[in-house]
Every structure is written in structure tokens, then in C-alpha cells.
Amino acid sequence: MKTSLEVLNKTQRVTPPDALYNKIMESISDRADIKLIYASVICIALLITINLFSFRSYNDNEFSSNKKYYLDSPINYLVYEY
Amino acid sequence: MINEKVDFKNFYEKYKELVFNLALNYTANKEDAEEIAQDVFETVFKKLEFFRYESKIETWIYRITINKSLDYLRSKKRLKNKFLSNLLFFNNKDGINEAVNFNHPGVEFENKESVQIIYKCLDKLPNNYKTVIVLLKIEGEPQKKVAEIMNISEKAVESLFFRAKLKLKDLLENEKDI
């Protein structure tokens, strides 16, 4: 056992390859900025919310205007099937 | 940005050997160590501005490298197990779930075979046993520093190392029997 661990002591230090630094810098610069990602997500969420609200209010208006039109129309204007 | 780059370059030059060799001593594979070192420096680059200097920067780098190495080995082992169990349709218990694919450039040729067997057994040890052996025996760090890195007392390091050695001895004997 003692000799086994002594073998481990003989492990030599190794210099990392020169290309490693460039690899690290490339991957750092390739990565998108986290703040930009958050800002984009917030913008999309805001856009969806605004769209939902406008769609809902458009539907409400449409319904109420139709209702008003039918109620206000004179009896003569109603068309029946023959 | 230029200053940031220069600072990081200096930082990299100062700690590249520490990170690379520590990762190499965990994985015993040059390519894996490169991948871990890359991951460690990316994390350091992102988190350096938030470092609170409550501990030494070197201790912090040691901890990041150890955690990344253990995570890497764990995920590699899981991937290998999944692949093999899919391939063979059953779980083989011995031998095939090793994460270590031996390619350690720091090991002399005449010791290669015995070190390879030790690494095979080291891979089967619990993480804290493996860490204490790597730091004390392979990295050759003093007990005090190991205690600081592992965030335990010196006495705890001593007893952990004793238990780790016993377990490793058991595993090595089993390996010889096979």
C-alpha cells in the first residue's frame, strides 16, 4: 500500500496547452449577455400581455356595439325569411 | 474591456497550472482536464466581480475546480452507464461504469500501469475520500491547506485520510484478486 501511494507522489506537473486560453476567451465572448436575455424575455412577455388586453377589449367593444345595433334598429328593418 | 482582458490574462497565467493539474489529477485524462479547466475559468470570469474575499482566492479556485471535476466525472459516469444499459439492456455492476479513461501525461511510463490501477480504485471512492487523497498525496498540499480547502478541521482531514487509505487498500486488494 505504501509503495502504491508513493507512486502517486511521483506524478509530475503538466503545463496546460497554449490553445486553452484562446478557447476560454472564445467561449466567453460567444456567450450571450445574461442581461440581454432577461430584457428580451421581459419585452416578449410585455408584448403578449398588451396583445391579450387589446384583443379582449376589442371583443368586448364588438359585442356591445352589435348588441346596441340590434336593439336600436326599428322593427321595419328586420328581415324575415319567406 | 481591454483592462478586464489584461487582468484576466494575468489571472489565467497565475492559476492555469493549478487548475489544469488538479483537474488532471481527478480525471487522469488530458482532454477531460482541458474541458474542466475551460469551465472553471469561465465560471471565475463570470463570478470574480462577486468574490467577497472572505477566503483566499486560491482556496476559492481550488473549491471550484474540485466541484467541477467531481461534477464532470459524475455526469460522465451517468452517461456511460445509460449508454451501456441501453446497449446491453441490463446493468453490469463491475468495471464498466468507470469514468476514468486513463491518459495522464504527468505519470512516468514505468509507473503507468500501477497508477492506472490506483485511479481505477480511486474512481470507486466517495468524493471526500477521493478529494483528500488527491490533495494530500498527489498535489502534496499540507494538511492545514487541505483543511481550509475542504472547510473541515485538521483532525477531520487526518481521520478522513486514514479511512480513505483503508478503503483504497481494500479496493486495491480486490483488484489484485481479480
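This is a predicted model, so every value here is computed, not measured. (Residues numbered from 1 in each chain as written. Chains lettered and ligands numbered in written order. Predicted model: local features only at pLDDT ≥ 70, side-chain atom pairs only at ≥ 80, totals over all residues.)

K.L.:
Whenever I open this one, the overall build of chain A confuses me. Can you help?
P.N.:
When helices and strands are tallied, chain A shows three helices and zero strands. The N-to-C order of helical and strand elements in chain A reads α-α-α. Here chain A holds 82 residues, and the buried ones make up 6% of them. (Helix = DSSP H or I, 4+ residues; strand = E, 2+ residues; numbered from the N terminus. Buried ≥ 20, exposed ≤ 12 C-beta atoms within 10 Å, placed from the backbone.)

K.L.:
How should I be thinking about the overall build of chain B in this particular structure?
P.N.:
A tally of regular secondary structure across chain B gives seven helices and zero strands. Shown N-terminal to C-terminal, the secondary structure of chain B runs as helices and strands in the order α-α-α-α-α-α-α. Across the 178 residues of chain B, 29% fall into the buried class. The contacts in chain B between residues at least 6 apart in sequence include a share of 60% that link residues at least 24 apart. (Contact = placed C-beta atoms within 7 Å.)

K.L.:
I'm lost on the packing of helix α2 (residues 19-30) of chain A against helix α2 (residues 30-47) of chain B in this one. Help?
P.N.:
Relative orientation and spacing of two packed helices are given, respectively, by the angle between their axes and the distance between those axes. Two elements in contact, α2(A) and α2(B), have axes separated by 10 Å at closest approach and are oriented at 50°. On the basis of the axis angle, α2(A) is oblique to α2(B). Remark: the crossing between α2(A) and α2(B) carries right-handed chirality. For the pair α2(A) and α2(B), the contacting residues are A:Leu20, A:Lys23, A:Ile24, A:Ser27 and A:Ile28 in the first and B:Glu34, B:Ala37, B:Gln38, B:Phe41, B:Glu42 and B:Phe45 in the second. The residue makeup of the contact of α2(A) with α2(B), split by class, is six nonpolar, two polar and three charged. (Axes fitted to C-alpha atoms, helices over the stretch in contact; angles between N-to-C directions. Parallel < 35°, antiparallel > 145°, perpendicular 65-115°, else oblique. Left-handed = near helix turned anticlockwise from the far one by under 90°. Nonpolar A, V, L, I, M, F, W, Y, C, P; charged D, E, K, R; others polar.)

K.L.:
Just checking my understanding: could you explain helix α5 (residues 127-138) of chain B for this structure?
P.N.:
All names here are of chain B. Taking 1.5 Å per residue as the helical rise, α5 with its twelve residues ought to reach 16 Å, and the 15 Å between its terminal C-alpha atoms agrees with that figure. Looking at α5, one finds that the buried residues are Lys130, Thr131, Val132, Ile133, Leu135, Leu136, Lys137 and Ile138. Of the residues flanking the end of α5, it is Gly140, one or two places downstream, whose phi is positive at about 70°. (Expected span 1.5 Å × (residues − 1).)

K.L.:
Mind showing me how you'd approach the interface of chain A and chain B here?
P.N.:
In this complex, chain A contributes 20 residues to the contact, which on the side of chain B involves 26 residues. For the side of chain A that touches chain B, the elements supplying multiple residues, two or more each, are α1 (2-9) and α2 of chain A. Take the side of chain A that touches chain B: its biggest share by element is six residues, from α2(A). Grouping the constituent residues of the side of chain A that touches chain B by class yields eleven nonpolar, six polar and three charged.

K.L.:
Could you clarify how one ought to interpret the environment of B:Glu34 in this entry?
P.N.:
Residue and element names in this part refer to chain B. On the secondary structure map, Glu34 appears in helix α2. Owing to 19 C-beta atoms within 10 Å, Glu34 belongs among the partly exposed residues under this scheme. Taking the C-alpha atoms as reference points, Glu34 and Asn21, separated by 13 residues in sequence, lie 9.6 Å from one another.

K.L.:
Looking at this model, I keep getting lost on unusual backbone geometry. Mind explaining?
P.N.:
As a rule of thumb, non-glycine residues mostly have phi less than zero, and peptide bonds are mostly trans rather than cis. Residue and element names in this part refer to chain B. With a phi close to 55°, Ala28 is a non-glycine residue in the positive phi region. For Ala28, the position within the fold is in the loop between α1 (2-27) and α2. Residue Asn151 is not a glycine yet carries a positive backbone phi of 60°. Among the structural elements, Asn151 can be located in the loop between α6 (143-150) and α7 (154-177). Residue class for Asn151 comes out exposed when judged on the 10 C-beta atoms lying within 10 Å of it.

K.L.:
In this structure, what is going on with the nonpolar core? I would like to understand it.
P.N.:
Among soluble globular proteins, nonpolar side chains are generally buried collectively. With 39 residues, the main nonpolar core has B:Val19, B:Ala23, B:Ala37, B:Ile118, B:Val132 and B:Val146 as its most contacted residues. Elements with a contribution of two residues or more to this core: α1 of chain A together with α1, α2, α3 (57-88), α4 (112-122), α5, α6 and α7 of chain B. Here this core gets seven residues from one element, more than from any other, and that element is α1(B). (Core = buried A, V, L, I, M, F, W, Y, C linked by C-beta atoms within 7 Å.)

K.L.:
Explanation requested: the confidence of the model for chain B in the structure shown.
P.N.:
Interpreting fine coordinate detail is not advised for predicted regions of low pLDDT. Residues and elements named next belong to chain B. Counting all residues, the mean pLDDT for chain B is 85, and 84% of those residues have values of 70 or more. Of all secondary-structure elements in chain B, the lowest mean pLDDT belongs to α3, at 84, while α6 reaches the highest, 94. Interface predicted TM-score (ipTM) for the complex: 0.72; the corresponding pTM is 0.73. (pLDDT = per-residue confidence, 0-100.)

K.L.:
Quick question: what am I supposed to make of α2(B) here?
P.N.:
For α2(B), built from 18 residues, the straight-helix expectation of 26 Å at 1.5 Å per residue is met to within 8% by its first-to-last C-alpha distance of 26 Å. Within the sequence span of α2(B), burial applies to B:Asp32, B:Ala33, B:Ile36, B:Ala37, B:Gln38, B:Asp39, B:Val40, B:Phe41 and B:Val44.

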